[in-house]
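A structural walkthrough
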Amino acid sequence: MPIINASNNKLVHDYSLEELTERARYMRGLNLVSLCSAGSGHSGGTLSIMDTCAALYLKVARHKPKDPSWPDRDRIIWSAGHKAPALYVSLAVSGYYPEDELVKLRMLGSPFQGHPHWRDLPGVELSAGSLGQGFSVAVGIALAARLDKKDYRVFVISSDGEQQEGSIWEAAMAAGHYKLDNLILIIDKNRLQIDGATQEVMNIDPLDEKYRAFGWEVLQCDGHNIPELVEKLEFARNNNSTGKPVVLICNTIKGRGVSFMEDIVGWHGKAPNREELNKALTELGLSNTFDLSRMFLYANQFRYEINTRIDAATPHFSKNYWWHTDGKMKVTMDPTRKGFGRALDKYGDDARIVCLGADISDSICISDFYKNHPERKTRFISVGVAEQNATTLAAGLAKEGKIPVFGTYGVFSSARNLDQLRVSVCYANFNVLIVGAHGGVSVGPDGATHQELEAMFQIPGLPNIHMGVPGDSIETEKMTRAMLFEIKGPKYLRFAREATPVITTDDTPFKFGEANIYRYRQEAELFVDAFEIIPSSEYKSENENLTIIACGPETAEALRAAYILKREYAIETRVINMHTIKPLDKTALIKAASETGVIITAEEHQIGGLGNLVAGVVLRENSMVGRKIRFEMIGVNDRFGESGQPWQLIKHFGLAAEHIAQKAKKLLG
């Protein structure tokens, strides 16, 4: 049954198969326009799923765009949350909102997050982004429909790479066990994922036989054949008399419809630029369909309004101290993850080192382990999208004397696998290096589901573990080496995604477990040369007015705050780069509290991750009893992240140097 009018319950339009084919082509173009406007996102998988979207949203599923919460609507759950642009396009062409709104994709202040959030946008049934979870939620919804004696259907959009997650098979087992014949799983089988061909990364076949073994009715089709798609979807929705849940395996081509994107791994998470967009629209026969000038002007106006609001909310001083706004204090920008990759490239000859990739190997630079050293490829184990398995697999390798390095995005390596870390790695005290990339809101447009803001709560609470949060790419390289060869036992390395200021040099002292003290000396051509860097054990008090304690790329913001405070108010600041979170350099903390009496912690993390640890050390110190310490924290204030550009988000969440300096001035009175 197609879309239903909310006012009179009549059909809005019963699309013919020919019309659906045309709509799918149009939706592909609209999808690429939105991705080009965003400058990031997933082209390949959104193009491969688009025929299914046209058939499902415009022909088969029962829903009311003008009444998104209609109780009897079919539920469409996007478990593959990275395909969000296709979801947004499907809702727009169905009539949930004007199509022009799609050019706000992944922008700060827009409801079109990098991964969908159901509270932001009518028509989105579930927040998604962590693969494998949406399927289990859908099983719960199908069970609720049965309990409430409702006849709506629950559709689940999934990807083939997602089938590597263990939770997928828990959901499949439960659905088969309860014979949920109101549940329809749609798998977009385009055969490619970030790290390459699914068959090579972690083979999921024979997929049909696996689902049959779990008690499912299995259908297969050409996912680009509209008549076949409609036939199979309508059977699954209206005529399923098997008493089983139905899985429809749609065999598709990644990047379908655009020749230079089709079947190309590199287009998984890449958006077209304007030239590529024009070429793609021409191939789709849509070169004169969209008023691109008007649509992109609308996007730019929205951006301008957001940036104006951010600027108004950011503290101002006598001049603009933002990075690279004048001729002095220049910084080199380099992603911290690059330092991790350089360390693996440099030190990976040690035969004990085994790296485990979880389908985002290039993104976090763990693949640098073997790129220039093909002989190491046998020591690189691809586990696919399976973080829990990777963690326990690493424990097994460590038990036999290897030095396993497992890395993925921090939201997965510190949370999804927390029990495996706790029991199989930390309780056993195995020598495993876990890497949490993409820490902080500066991850940017991917949004809340991919911005790790909780690891400094979760990881330090595990006995036996060591934790490092290096300040820049150079320090990340040094810390990776130390964790590989100096630290025995469980260890966790957290770093960012985007290019951040380099605030150390190759000659900067580094010792795991010992903080470095930074003191601003004078303006310099290069920002790093404006500071003297001294190991905490060698530092002598200069009677500073306050101490700022920071970690990770937020350390650069703390340093810039010290610069602002000195230039604007002649306030002297001791900045502590607390690159080691566990064990903390307690001596440096107690000396800072005793000698300055004023402490601010700064972290690109939920507020208190670093701050609570520092406060605990200071408050428990006997020598501080009766001393008045003024204490404040800078961090994300008990909320999730958002999509946006990295430095927009640093300002929006109050993490910039300007906010630190303002807080310091108020604290000092």
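Quantities reported herein were computed from a predicted structural model and do not represent experimental measurements.

Turning next to the side chain of Ser110. Relative to the helices and strands, Ser110 is located in the loop between helix 3 (84–94) and helix 4 (133–147). When neighbours within four sequence positions are excluded, Ser110 is seen to be in contact with Lys104 and Phe302.

This brings us to unusual backbone geometry. The step from Asp205 to Pro206 runs through a cis peptide bond, and the omega angle for that step is 5 degrees. Tracing the chain through its elements places Pro206 in the loop between helix 6 (198–202) and helix 7 (207–213). For Asp359, which is not glycine, the phi dihedral falls at a positive 75 degrees. Following the sequence through the fold, Asp359 ends up in the loop between strand 9 (353–357) and helix 12 (361–364). According to the relative accessible area criterion, Asp359 is buried, its value standing at 6%. In this structure, His438 is a non-glycine residue whose phi angle is positive, near 60 degrees.

Moving on to the state of the cysteines. Here, the word disulfide means a covalent bond between the sulfur atoms of two cysteines. A complete count under the given rule lists zero disulfides for this structure. Unpaired in terms of disulfides, Cys53 finds its nearest cysteine sulfur in Cys250, a separation of 10 Å. Its relative accessible area of 1% is what places Cys53 among the buried residues. A disulfide-free cysteine, Cys551 has its sulfur positioned 19 Å from the sulfur of Cys426, the nearest such atom.

Right, let's get into the environment of Phe340. Residue position: Phe340 is located in helix 11 (residues 336–347). Once the C-alpha coordinates of Phe340 and Glu475 are considered, the two residues, 135 residues apart in sequence, prove to be 9.2 Å apart.

End to end, helix 18 (residues 473–485) covers 19 Å across 13 residues, agreeing with the expected 18 Å (1.5 Å per residue, within 8%). Burial analysis of helix 18 places ten of its 13 residues in the buried class, the great majority of the element. Among the residues making up helix 18, those that are buried are Ser473, Ile474, Glu475, Thr476, Glu477, Met479, Thr480, Ala482, Met483 and Leu484. The N-cap of helix 18, judged by a side-chain oxygen 3.2 Å from the amide nitrogen of Ile474 a few residues on, is Asp472.

Two numbers describe how helix 19 (residues 554–569) lies on helix 23 (residues 657–668): the axes approach to 8 Å, and their chain directions differ by 55 degrees. Classified by the angle between their axes, helix 19 and helix 23 sit oblique to one another. Judged by the twist between their axes, the crossing of helix 19 over helix 23 is right-handed. The segment helix 19 lies against helix 23, with Glu554, Glu557, Ala558, Arg560, Ala561, Ile564, Leu565 and Tyr569 engaging Ala657, Glu658, Ile660, Ala661, Ala664 and Lys665. Grouping the constituent residues of the contact of helix 19 with helix 23 by class yields nine nonpolar, no polar and five charged.

The subject of this paragraph is the sheet that holds strand 14 (residues 491–494). The sheet built from seven strands is open, its strands ordered 10-9-11-12-14-13-20 with mixed pairing. Edge positions in the sheet fall to strand 10 (380–382) and strand 20 (580–582), since each of these pairs with one other strand and no more. The mean inter-strand angle of the sheet, taken between neighbouring strand axes irrespective of direction, is 20 degrees. Where helix 14 (residues 387–399) meets the sheet, it contacts strand 9, strand 10, strand 11 (403–409) and strand 12 (433–437), and its direction lies at approximately 165 degrees from that of strand 11.

Let us now look at the pattern of salt bridges. All told, the structure shown has 45 salt bridges when counted by the stated rule. Close ionic contact of Glu523 with Lys328 constitutes a salt bridge, the shortest N to O distance being 3.8 Å. With Glu523 in the loop between strand 16 (516–520) and strand 17 (531–535) and Lys328 in the loop between helix 10 (292–313) and strand 8 (333–335), the pair connects residues that are 195 residues apart, well separated along the chain. On the basis of relative accessibility, which here comes to 25%, the residue Glu523 falls in the partly exposed class. For Lys328, a relative accessible area of 44% translates into the label partly exposed.

Structurally, the position occupied by Arg639 is in the loop between strand 22 (630–636) and helix 22 (646–652). A sequence separation of 191 residues divides Arg639 from Ala448, and the C-alpha atoms of the two residues are 9.4 Å apart. Apart from residues lying up to four places away in sequence, Arg639 is in contact with Leu453, Gln606, His652 and Phe653. Of the polar contacts made by the side chain of Arg639, one reaches the side chain of Glu642; its length is 2.4 Å.

On to the environment of Gly608. If you trace the backbone, Gly608 turns up in the loop between strand 21 (598–606) and helix 21 (611–620). The class for Gly608 is buried, based on a relative accessible area of 1%. Linking Gly608 and Phe302, residues 306 residues apart in sequence, is a C-alpha distance of 33 Å. Other than its neighbours up to four places away in sequence, Gly608 contacts Phe457, Glu603, Leu613 and Met633.

Turning our eyes to something else, we now look at the nonpolar core. Residues Leu32, Val33, Leu56, Tyr88, Tyr97, Phe155 and Phe290 are the most contacted members of the largest nonpolar core, which totals 119 residues. Ignoring sequence-local partners within four residues, the contact set of Tyr88 consists of Tyr97, Leu102, Leu105, Pro111, Phe112, Gln113, His115, Pro116, Leu121 and Val124. Counting 44 residues, the second largest nonpolar core, distinct from the first, contains Ala358, Met456, Leu462 and Ile465.

It is worth spelling out the packing of aromatic side chains at this point. Overall, the coordinates contain 21 aromatic pairs when judged by the stated rule. Considering the side-chain rings of Trp169 and Phe214, the 5.4 Å spacing of their centres and the 40 degrees angle between planes classify their relative orientation as tilted. Here Trp169, found in helix 5 (residues 166–177), pairs with Phe214, found in the loop between helix 7 and strand 6 (217–222); they are 45 residues apart in sequence, far enough to count as distant. When its relative accessible area of 28% is taken as the criterion, Phe214 is described as partly exposed. Aromatic pair Tyr520 and Tyr563: ring centres 5.4 Å apart, planes at 45 degrees, arrangement tilted. Here Tyr520 is found in strand 16, whereas its partner Tyr563 is found in helix 19, with 43 residues between them in sequence. Judged by relative accessible area, which is 9%, Tyr520 ranks as buried. Exposure remark for Tyr563: the relative accessible area of 4% places this residue in the buried category. Grouped by ring-pair contacts, the aromatic residues Phe317, Tyr321, Trp323, Tyr518, Tyr520, Phe527, Phe531, Tyr563 and Tyr569 constitute a single cluster.

As a further point, take the sheet that holds strand 22. Within a sheet, neighbouring strands are paired by backbone hydrogen bonds and run either parallel or antiparallel to one another. Across the sheet, which stays open at both edges, the six strands sit in the order 17-16-19-18-21-22 with mixed pairing between neighbours. Each edge of the sheet is formed by a strand with only one pairing partner; in this case those strands are strand 17 and strand 22. Strand-to-strand twist of the sheet, defined as the mean angle between neighbouring strand axes without regard to direction, takes the value 20 degrees. Where strand 18 (residues 546–550) meets strand 21, four bridges bridge the pair, whose relative direction is parallel. Following the sheet pairing, Ile549 is matched in strand 21 by Thr601. Across the sheet, helix 23 lies against strand 18, strand 21 and strand 22, angled at about 160 degrees from strand 22, the strand it touches most.

Rules used in this analysis
- Residues numbered from 1 in each chain as written.
- Predicted model: local features only at pLDDT ≥ 70, side-chain atom pairs only at ≥ 80, totals over all residues.
- Heavy atoms only, no water.
- Helix = DSSP H or I, 4+ residues; strand = E, 2+ residues; numbered from the N terminus.
- Contact = heavy atoms within 4.5 Å.
- Buried < 20%, exposed > 50% of the residue type's maximum accessible area, 1.4 Å probe, protein only.
- Disulfide = S-S within 2.5 Å.
- Expected span 1.5 Å × (residues − 1).
- Polar contact = N/O pair within 3.5 Å; in protein donor to acceptor, adjacent residues only side chain to side chain.
- Axes fitted to C-alpha atoms, helices over the stretch in contact; angles between N-to-C directions.
- Parallel < 35°, antiparallel > 145°, perpendicular 65-115°, else oblique.
- Left-handed = near helix turned anticlockwise from the far one by under 90°.
- Nonpolar A, V, L, I, M, F, W, Y, C, P; charged D, E, K, R; others polar.
- Pairing = 2+ DSSP bridges.
- Salt bridge = Lys/Arg side-chain N within 4 Å of Asp/Glu carboxyl O.
- Core = buried A, V, L, I, M, F, W, Y, C linked by side-chain atoms within 4.5 Å.
- Phe/Tyr/Trp six-rings, centres within 6.5 Å; stacked < 30°, edge-to-face > 60°.

Without other data, these values stay purely geometric and don't point to any function.
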